[in-house]
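# Structural description and commentary
Listed below are the residues making up each chain.
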Amino acid sequence: MSADSAGDDPGLHFPPVVNGVDFLDSAIENLLHSDDPRKLKYAVLHLQAAVEILLKVRLQREGIAHVFADPSQADESKLAHGKFISVSWRQAVTRLERVAGVCLSKGEQKSLQRLSDERNKLQHFGSTADRNVITSCAGDALNVTSEFIHNHLLPEAPPDEVESLKRAQVLIDGARTEIEDFRKARMKAIAPELEAWPGLILNCPECTQLAWTFAPEDENWCRFCRHDWSQDDGHEIAELYAENVLDESQHLAAQGRDSWSVSLCPVCDDTAFVDVYTRDHTDEPLGICFACGLTATADRRASCGGCGRTTLDRDDLMLCPGCLQYRMDKDP
């Protein structure tokens, strides 16, 4: 190859928006057109990459320093050659709120976190959930991405970015339609099983669909994504339910910035008791322990007169087992 012809070679060049939309295109194609586990893997990896890139595109509009993990290292040459450590998607969300007033809701951030969790499992352990779970998770992430593009990228977008951003919207709209059709078809297929189920039906903490036939000592699994919850620890299930179904954050709750619905079970003392809404309890929550299987309506519960934790409405001075034992040991 001559020096002249080498100089004419454009090489690989994907401007950030083009790059993000290209990853998005690949993610959607892999997600919707194959049950092949390998393509499912790349759907997750590429969708996560697309989300991160598009968040950073908006952040970079506020100045290149904001996309550097260490803003003091910001340099045009490093940026152009990709020789720097950039912010994570979570850092990008935080900086967007601080420097641009671009705020993602708690639910939107949770959807992106679920996608990131699946990506991390694949990246480090080579495993993730099945297609039903990924489809649901991807659908939520695509909804967030679509709103982000519409509200925060297209307005005041440079002319050379507009075409790619509009193409991204077309891709997402088509994917969301197919994903919703898939969800409806799956729910229709399992409807006879759900109608025949005599017990409680809960939202599944894995796929979030109202298809978990709850029975701790029986068929305790989700009919939508087929996750077998009998194999999981009750405390971990309760945390997943609060995070994925109730959109709560244990991290934010510890800072006093969010509620946290997981508490001690009044019977087994495991931290696995949560107020849930079921298919038959849509108006008021039903207390369920994911460890021992206790179910308790609101009229069966009270607060311990000693420590305030949930207890069952009994005639033993309204004390939890711990406080009752303390009272008995204290009184001769």
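Below or above, wherever it landed, is the structure these notes cover. All values reported here derive from a predicted model rather than from experimental measurement.

### A few points about the side chain of Asp258
With respect to the helices, strands and loops of the structure, Asp258 is situated in the loop between helix 10 (250-254) and strand 4 (263-264). Engagement of the side chain of Asp258 in a polar contact is seen with the side chain of Lys106, the distance being 3.1 Å. Within polar-contact distance, the side chain of Asp258 engages the backbone nitrogen of Ser249 at 2.8 Å. Those residues within four positions of Asp258 in sequence are excluded, and the remaining contacts are Lys106, Asp247, Glu248, Ser249, Leu252 and Ala253.

### Comments concerning the packing of helix 2 (residues 16-32) against helix 8 (residues 159-196)
The geometry of helix 2 relative to helix 8 is characterised by a closest axis approach of 10 Å and an angle of 15 degrees between their N-to-C directions. Looking at the two axes, helix 2 sits roughly parallel to helix 8. Between helix 2 and helix 8 the crossing geometry is left-handed. Within the contact between the two elements, helix 2 uses Val17, Val18, Val21, Leu24, Asp25, Ile28, Leu31 and Leu32 and helix 8 uses Glu161, Ser164, Leu165, Arg167, Ala168, Leu171, Ile172, Ala175, Glu178 and Ile179. Class assignment for the residues of the contact of helix 2 with helix 8 results in 13 nonpolar, one polar and four charged.

### Digging into the layout of surface pockets
By volume, the second largest pocket amounts to about 440 Å³. Along the walls of the second largest pocket sit 19 residues, with Arg90, Gln109, Ser249, Leu252 and Arg257 positioned nearest its centre. Secondary-structure elements contributing two or more residues to the lining of the second largest pocket are helix 5 (89-100), helix 6 (106-125) and helix 10. Among the residues making up the lining of the second largest pocket, the classes are represented as four nonpolar, seven polar and eight charged.

### Looking at unusual backbone geometry
Positive phi outside glycine occurs at Thr208, with the angle close to 70 degrees. Inspection of the secondary structure puts Thr208 in the loop between strand 1 (200-203) and strand 2 (210-214). A positive phi angle, near 70 degrees, is found at Asp269, a position not held by glycine. Tracing the chain through its elements places Asp269 in the loop between strand 4 and strand 5 (271-278).

Here is what the cut-offs are and how they apply
Note that residues are indexed from 1 along each chain, following the sequence as it is written. It should be noted that, the model being predicted, local features are given only for residues of pLDDT at least 70 and side-chain atom pairs only at 80 or more, the latter also being counted only at that level, while totals for whole chains, interfaces and linings use all residues. As a rule here, side-chain values come from all non-hydrogen atoms in the structure, and water together with hydrogens is ignored. Numbering of helices and strands runs from the N terminus; a helix is a DSSP stretch of H or I covering at least four residues, while a strand is a stretch of E covering at least two. Counting of polar contacts relies on pairs of N or O atoms within 3.5 Å, with two restrictions inside protein: one atom must be capable of donating a hydrogen and the other of accepting it, and residues adjacent in sequence are counted only when both atoms are side-chain atoms. Any two residues having at least one pair of non-hydrogen atoms within 4.5 Å are treated as being in contact. Every angle, taken between N-to-C directions, lies between 0 and 180 degrees, and every axis is a line fitted to C-alpha atoms, over only the stretch in contact when it is a helix. Oblique is the label for every angle not falling under 35 degrees (roughly parallel), over 145 degrees (roughly antiparallel), or within 65 to 115 degrees (roughly perpendicular). Here is the rule for handedness: rotate from the far helix to the near one, and if that takes an anticlockwise turn smaller than a right angle the crossing is left-handed, while a clockwise turn gives right-handed. All amino acids are sorted into three groups, where Ala, Val, Leu, Ile, Met, Phe, Trp, Tyr, Cys and Pro are nonpolar, Asp, Glu, Lys and Arg are charged, and the leftover types, Gly among them, are polar. A cavity here means a set of points on a 1 Å grid, drawn over the protein atoms and nothing else, where a 1.4 Å probe fits but cannot get out; a pocket is an open set with protein on both sides within 12 Å along at least five of seven lines, and a residue lines either one if it has an atom within 4 Å of a point. Grid points are joined across faces, edges and corners, and a volume is the space filled by probe spheres set on the points.

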